[in-house]
Amino acid sequence: MRITISGPPGSGKTTACSKLSEILGLEAVVFGKIFRELAAEKNLSLGQLGELAEKDPSIDKMIDSRILDIARANENIILESRLSAYMCARNNIPAFKIYIDASPEVRMSRIGVREGETVEEACAKTLDRQRSEAKRYKMYYDIDIEDKSVYDLVINTDELDPDQVVKKILDAVGEAN
């Protein structure tokens, strides 16, 4: 089964992806990791790489073509990225598409803890990153990342622990098969 997991920073998507991968025995490909590695290679912050990507579409195109290549080559995989659901849908690649969300307050708190920042620092960086991504996805692909109609399952993680999130996913995936 091909599964995509999307959502904003701090929503819990990477944690859910890891746990789901372990339970289902499927490889998980986390595209945020690729973006972070690219930023490190270029000695840039995520925000700086985002700004560069606004001027240079080849950065997103490279990552997104990798999403499609991996999706086409693997029927049993988990793809975690902001655009994986849209890319699969637009290219008629069957996938169970999941969107994981949380309130901005919860997300900023999680990011602050994870990155060792204050909530205010996490908020400023994350909001800049989200604005940059939304702008690029609209500009390059005509995708409104606020449009959740492409998803088979939307989960808000504000009141859920990671195990509860994974249970919801497993229940939904089981019903889809």
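A few points on the structure. (Residues numbered from 1 in each chain as written. Predicted model: local features only at pLDDT ≥ 70, side-chain atom pairs only at ≥ 80, totals over all residues. Heavy atoms only, no water.)

Here the focus is the overall build of the protein. For the protein, the helix and strand inventory stands at 8 helices and 5 strands. Taken from N to C terminus, the helices and strands of the protein fall in the order β-α-β-α-α-α-β-α-β-α-α-β-α. Taking 2.2 N^0.38 as the reference for a compact globule, 177 residues should give roughly 16 Å; the C-alpha atoms of the protein span a radius of gyration of 16 Å, in line with that estimate. Along the longest, intermediate and shortest principal axes, the C-alpha atoms of the protein span 40 × 35 × 30 Å. When the 177 residues of the protein are sorted by exposure, 46% land in the buried category. Considering only residue pairs separated by 6 or more positions, the protein has 73% of its internal contacts joining residues 24 or more positions apart. Carbon and sulfur atoms make up 50% of the accessible area of the protein, which amounts to about 9100 Å² in all. (Helix = DSSP H or I, 4+ residues; strand = E, 2+ residues; numbered from the N terminus. Rg over C-alpha atoms; globule rule 2.2 N^0.38 Å. Buried < 20%, exposed > 50% of the residue type's maximum accessible area, 1.4 Å probe, protein only. Contact = heavy atoms within 4.5 Å. Areas by Shrake-Rupley, 256 points an atom, 1.4 Å probe, with all protein chains shown as cover.)

Another point: the sheet that holds strand β2 (residues 27-30). Strand order in this open sheet of 5 strands is β2-β3-β1-β4-β5, and the pairing throughout is parallel. The open sheet has two edge strands, β2 and β5 (153-156), and neither has a second partner. Across this sheet, the average inter-strand angle for adjacent strands is 20°, counted without regard to direction. Bridging between strand β4 (residues 96-101) and β5 involves 4 bridges; their strand directions are parallel. Each residue of the ladder has a partner; that of Y99, found in β5, is V154. Most of the contacts of helix α2 (residues 31-41) go to β2, to which it runs at about 45°, and overall it touches β2 and β3 (77-80). Where helix α4 (residues 58-73) meets the sheet, it contacts β1 (2-6), β2 and β3, and its direction lies at approximately 165° from that of β3. (Pairing = 2+ DSSP bridges. Axes fitted to C-alpha atoms, helices over the stretch in contact; angles between N-to-C directions.)

Our focus in this paragraph is the nonpolar core. Nonpolar side chains tend toward joint burial in soluble globular proteins. In terms of nonpolar packing, the biggest core is built from 31 residues, with F31, L79, L83, Y141 and I143 touching the most fellow members. Excluding its chain neighbours within four sequence positions, the residues that come into contact with Y141 are D60, K61, D64, L83, M87, R90 and R136. Within the second largest apolar cluster, 17 residues are counted, among which are F96, V165, A172 and V173. (Core = buried A, V, L, I, M, F, W, Y, C linked by side-chain atoms within 4.5 Å.)

Now for the pattern of salt bridges. Should the charged atoms of two oppositely charged side chains come close, the side chains can pair. Counted by the stated rule, this structure contains 9 salt bridges. Note that K148 is salt-bridged to E146, the shortest N-O span being 3.9 Å. Residue K148 is classed as partly exposed on the basis of its relative accessible area, which comes to 25%. (Salt bridge = Lys/Arg side-chain N within 4 Å of Asp/Glu carboxyl O.)

Moving on to the packing of helix α6 (residues 104-115) against helix α7 (residues 119-141). Here α6 crosses α7 at 110°, and the two axes come no closer than 8 Å. On the basis of the axis angle, α6 is roughly perpendicular to α7. For the pair α6 and α7, contact is made by R107, M108, S109, I111 and G112 and by V119, A122, C123, T126, L127 and Q130, respectively. The residue inventory of the contact of α6 with α7, partitioned by class, reads 6 nonpolar, 4 polar and 1 charged. (Parallel < 35°, antiparallel > 145°, perpendicular 65-115°, else oblique. Nonpolar A, V, L, I, M, F, W, Y, C, P; charged D, E, K, R; others polar.)

Its identity as a non-glycine residue notwithstanding, N92 has a phi of 55°, on the positive side. Here N92 lies in the loop between α5 (84-90) and β4. The backbone phi angle of D142 is positive, close to 55°, even though this residue is not glycine. By the secondary structure assignment, D142 is in the loop between α7 and β5.

Purely geometric numbers; function is a separate question.
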